[in-house]
Amino acid sequence: MRWTVVVLASCLMIAGLTVAGCVGGTSMAERQDEDVRSSLQYDDVPCDQLLAQRNQLAQQNNLPITAKPSFSNPAMGFGPFTPDMRSKAERATNEASGEIDAMNRSIERRDCGKPKKKETFGLPGSTPS
């Protein structure tokens, strides 16, 4: 009898996690995936403006300018069914980290913030004086 109650309680708990994870995109895995942003949306923003936006976002959220979104490691196979139990502040920080990371990828791809090389024209093999 006692064993039956334990098994039944376990099944109900798993069913509750399944329902909680499947309703309206509230699972931990889905919400963490949303934190990853495309860097392409920042490619049209001028470099100096993008650097300023990234630095301001990092400062507002007390994050380093190298922030990346973090992912938890739920039990194998339960990721889509684990409800997101993070606080609002944690979610906002992870969202900002994803945005900073996307900005950094655009900055890196476009070589923003790096000094431009001066092109010199001359004969091959000759050294500039």
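Conventions used here
Residues numbered from 1 in each chain as written. Predicted model: local features only at pLDDT ≥ 70, side-chain atom pairs only at ≥ 80, totals over all residues. Heavy atoms only, no water. Disulfide = S-S within 2.5 Å. Helix = DSSP H or I, 4+ residues; strand = E, 2+ residues; numbered from the N terminus. Salt bridge = Lys/Arg side-chain N within 4 Å of Asp/Glu carboxyl O. Buried < 20%, exposed > 50% of the residue type's maximum accessible area, 1.4 Å probe, protein only.

Engineer: In this structure, what is going on with the state of the cysteines? I would like to understand it.
Structural biologist: Chemically, a disulfide is nothing more than a covalent bond linking the sulfur atoms of two cysteines. By the definition in use, this model includes 1 disulfide. For C47, the disulfide goes to C112, at an S-S distance of 2.0 Å. On the sign convention where negative means left-handed, the S-S torsion of about -55° between C47 and C112 marks this disulfide as left-handed. Placement of the pair is C47 in helix α3 (residues 47-60) and C112 in the segment after α4 (88-109), with a sequence separation of 65 residues.

Engineer: Can you walk me through the pattern of salt bridges in this structure?
Structural biologist: For side chains bearing opposite charge, pairing can occur when the charged atoms are close. This model, assessed by the stated rule, comprises 3 salt bridges. Put simply, D101 and K68 hold a salt bridge, and the shortest N to O gap is 3.1 Å. Here D101 is found in helix α4, whereas its partner K68 is found in the loop between α3 and α4, with 33 residues between them in sequence. For D101, the salt bridge is made with R105, and the minimal N-O distance between the two is 2.6 Å. Taken as a pair, D101 and R105 lie in helix α4 at a separation of 4 residues, close to a single helical turn. Classification of D101 as buried rests on a relative accessible area of 11%. By sharing partners, the salt bridges in this structure join K68, D101 and R105 into a single network.

This is a description of form; function is not addressed.
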